[in-house]
Every structure is written in structure tokens, then in C-alpha cells.
Protein chains: 2
Amino acid sequence: MRGMKANLEYITNKLKNKNIRLSHQRLKVLEYMDQHRIHPTVEQIYHGLRDEIPTLSKTTIYNTLKTLMEAGLVKSIAIDDNETRYDIRTDSHGHFKCLTCENIYDFEVNMDSIKIEDLNGFRIYARDMYFSGICPKCIEQKRETDN
Amino acid sequence: MRGMKANLEYITNKLKNKNIRLSHQRLKVLEYMDQHRIHPTVEQIYHGLRDEIPTLSKTTIYNTLKTLMEAGLVKSIAIDDNETRYDIRTDSHGHFKCLTCENIYDFEVNMDSIKIEDLNGFRIYARDMYFSGICPKCIEQKRETDN
DNA sequence: TTTTTATTTGTAATGATTACAATTTTATTA
DNA sequence: TAATAAAATTGTAATCATTACAAATAAAAA
């Protein structure tokens, strides 16, 4: 486990390395993303930081996420119908959404190795895989309820 | 190519088979989807049918698409950031979005055969694959512009 | 410390989608 | 076919995520 100071340094360097100017809000948003790997919505980030930063505005969160996305430090997930979710993991992986508890799970899958005949001649920049269904926890809960 | 009459019958039967009550609007929306396989938005369907059905309301299109989705006759595509797109193809296939012309291309891919270790114990209902990048047409156009 | 530049913030605007009640249409029954 | 019951359509208003914008504030440079 990283110490508090080391973690702040780690977050700070992430921004510095991308030539993003430092600000209290940016550090806190990025720290929140790093510590809450639940693919949060803007609303969740907002509520999570509201106590620490009482003046925080949602617009700032939108602005910050846009900046972080352009730098490649976060990615957006379009698995939800109305709210965008954000992911601090930027390596290739899939997402599973449980239709019962609404949680989003990561899964490992090598999408780059999948050859798609129909896409010969296409320049592919991004690959996303979204599955949905019921997670084991909710299957188990349903089973208990049924008894 | 299906004749006009045969096509109407085909569309009508699609609804009847799913026990969906017939209406002028439902037939026209489904016909539009069948004849315009461009993964249209509500806006596109609305403009496409406005001349034929001057009283048409967008709410009706939303209602109709909801009904058709529940019956499994159409599927929604969340590849767009703000507008939902709808697909009359309900068999398993992937989608590629060109970031330049915004067109969405279908591609064949057998997602059901992909085994995901991390999802053992998960009940999977839907699998979606979204790629994005530049399509051959736009790559070519860019090349010509650069000369 | 001063100045310049960029960020944050609150408010208002936008735009897709949904809620709702009155009207119209479709299906059923006599 | 006509009358009745049930469901679909429509226009308007509401909702809600996201964006636009300009003034206030904070960070970096001089």
C-alpha cells in the first residue's frame, strides 16, 4: 500500500508527465479515480469530493475529465444508457455490467489479437467490448430469495 | 428484391408474430428500419417519415422503438456519445464507428465463442463490440486532400 | 511581488429522453 | 356493420446529463 505522501507524488507526477498544469481539483479528481476503481460517474466523483472541496463544481469535473482523457490518463465508458462512466485503467480490457446491481466489472480480453476480416482497410483506433447480464453475487442473492 | 406488397406483408407479419398490435406508425417505423440499415437515430427516423406521416410525433417513435426492442425486433446501440442508435439486425455482430464521417459499419464476429476466464459464474445476456477509427472511404479522401 | 495565463465556478442554455393527459385509432363484441 | 372497449398517438411540459460562457480565483512566469 502506498503511503499518503508517496501517493500524492505519484498522482502529481502523472499530471506533470503529461504537461498538465497542477491544481487542487485535478489532483483530487485523479486521486479519486485511482482510489475508487468503480468506473464512477461525474455524479459519484462530485459526491465523493464534495466534503473535501466544498466549492467544487460539476463543471470542473467535466473539464478535468476532458483534460485527462485528452492526455490518455482516463477513458470514457459508454456502457450506461444515460450517464457516462470513467475508467482510470487505460490498457485493453472488457467491461461487464450487471443488470441487477448496476456494478461494472473489468475482464481481461485481448482485443488487439482478434482479426476482423470485414475491417480490412479500416484504421482502428479504439476497441471496446461490453457485456451485460447478472453477476455471481446477484445470482446468489436471487437464489436465496427464491428459497 | 421484395415487391411493395410483399414487403408490407413481411413487415406486418413481423409485428403479428410478436403479438404487437398493428398501427400505421409502427408499420412505417419498422419499414424505415428495414429499408435504411444505417443504424438510425430517432431524429433520422423522424425526418425520414415526416413527409409520409405529417402528424408523426417523436414520442411515438420512442414508444414504438421501445415496443420493438422489448419484442426483440430491434436493438439499441450505445456507440454514440449523446444519441442512441437503433439496429434492425438482431443477430450477433460488431459495430465500427468512423470518427470522420460518423457512419457506423457492421462487421461479422462470433462473440459467443469467445471464452472469458474472468466471467466464469457470470450469466451473460448480451455481448457488444464497438470499434472506432477511420473508414477506408475517409482514409482515401484524406489522402487526396493531402496531395 | 507583480504580471500573465489558465483554471474554477455558478448560472444559463442545450438537447435527448420521458411523463402525462386528451384525442384518435385499432380491435372486439353484439 | 355499428357500438364499445382497449390501446396507441400526439403535443406539451418536465427531467436530467452535459456544455457554453463570463466573472472570479488560483497557478506559473517574470
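Residues numbered from 1 in each chain as written. Chains lettered and ligands numbered in written order. Predicted model: local features only at pLDDT ≥ 70, side-chain atom pairs only at ≥ 80, totals over all residues. Heavy atoms only, no water.

Participant: Any chance you could explain the pairing of strand 5 (residues 123-134) of chain A here in plain terms?
Facilitator: Walk down a regular strand and you will see the side chains alternate between the two sheet faces. In the sheet, strand 3 (residues 94-98) of chain A pairs with strand 5 of chain A via four bridges, with the strands oriented parallel. Across the sheet, F96(A) pairs through a bridge with F131(A), a residue of strand 5 of chain A. As defined by bridge partners, strand 5 of chain A adjoins strand 5 (residues 123-134) of chain B across 11 bridges and the pair is classed as antiparallel. The partner of Y130(A) across the bridge, within strand 5 of chain B, is D128(B). (Pairing = 2+ DSSP bridges. Helix = DSSP H or I, 4+ residues; strand = E, 2+ residues; numbered from the N terminus.)

Participant: Help me out: how do you make sense of the sheet that holds strand 3 of chain A in this one?
Facilitator: Note: strands within a sheet are paired through backbone hydrogen bonds, in either parallel or antiparallel orientation. Reading across from one edge, 4(A)-3(A)-5(A)-5(B)-3(B)-4(B) is the order of the six strands in this open sheet, with mixed pairing throughout. Strand pairing shows two members of the sheet lacking a second neighbour, strand 4 (104-107) of chain A together with strand 4 (104-107) of chain B, which therefore form its edges. Sheet twist, expressed as the average angle between the axes of neighbouring strands with direction ignored, equals 25°. (Axes fitted to C-alpha atoms, helices over the stretch in contact; angles between N-to-C directions.)

Participant: Explanation requested: the packing of aromatic side chains in the structure shown.
Facilitator: The way to describe two aromatic rings as a pair is by their centre distance and the angle between their planes. One pass over the full model with this rule turns up nine aromatic pairs over all chains. On the numbers, 5.1 Å between centres and 85° between planes, the contact of F122(A) with Y105(B) is edge-to-face. Taken together, the residues F122(A) in the loop between strand 4 and strand 5 and Y105(B) in strand 4 connect one chain to another. Here F122(A) falls in the buried class, since its relative accessible area comes to 17%. Note on Y105(B): relative accessible area 21%, which makes it partly exposed. Within the aromatic cluster, the residues linked to one another by ring pairs are F96(A), Y105(A) and F122(B). If you follow K58(A) out to its NZ or CZ, it ends over the ring of Y46(A), 5.4 Å from the centre. (Phe/Tyr/Trp six-rings, centres within 6.5 Å; stacked < 30°, edge-to-face > 60°. Buried < 20%, exposed > 50% of the residue type's maximum accessible area, 1.4 Å probe, protein only. Lys NZ or Arg CZ within 6 Å of the ring centre and 35° of its normal.)

Participant: Whenever I open this one, empty space enclosed by the protein confuses me. Can you help?
Facilitator: Over the atoms a probe the size of a water molecule is rolled, and this reveals where empty space is left. Residues and elements named next belong to chain B. As enumerated under the stated definition, the model contains one cavity of 30 Å³ or more in all. Put simply, the largest cavity is a space of about 70 Å³. If you go around the largest cavity, the residues you meet are K75, S76, I77, D87, R89, D91, S92, H93, H95, M111, R127 and D128. Those elements that provide at least two residues to the lining of the largest cavity are strand 1 (75-77) and strand 5. (1 Å grid on protein atoms, 1.4 Å probe; cavity = no way out; pocket = protein on both sides within 12 Å on 5 of 7 lines; lining within 4 Å. Points joined across faces, edges and corners; volume = space filled by probe spheres on them.)

Participant: Would you mind showing me how to read the protein's contact with DNA strand C here?
Facilitator: Surveying the vicinity of DNA strand C reveals 18 residues, the closest of which are S23(A), R26(A), T60(A), Y62(B) and T84(B). In DNA strand C, atoms within 4 Å of the protein come 81% from sugar and phosphate. Contact distances for DNA strand C include 2.8 Å between a phosphate oxygen and a side-chain N or O atom of T60(A). In the environment of DNA strand C, a phosphate oxygen lies 2.5 Å from a nitrogen or oxygen atom belonging to the side chain of Y62(B). Of all the elements in the fold, those that place two or more residues in the surface near DNA strand C are helix 2 (24-35) and helix 4 (58-70) of chain A together with helix 4 (58-70) of chain B. No other element matches helix 4 of chain A, which puts three residues into the surface near DNA strand C. Of the residues in the surface near DNA strand C, the class split is three nonpolar, 11 polar and four charged. (Near = heavy atom within 4 Å. Polar contact = N/O pair within 3.5 Å; in protein donor to acceptor, adjacent residues only side chain to side chain. Nonpolar A, V, L, I, M, F, W, Y, C, P; charged D, E, K, R; others polar.)

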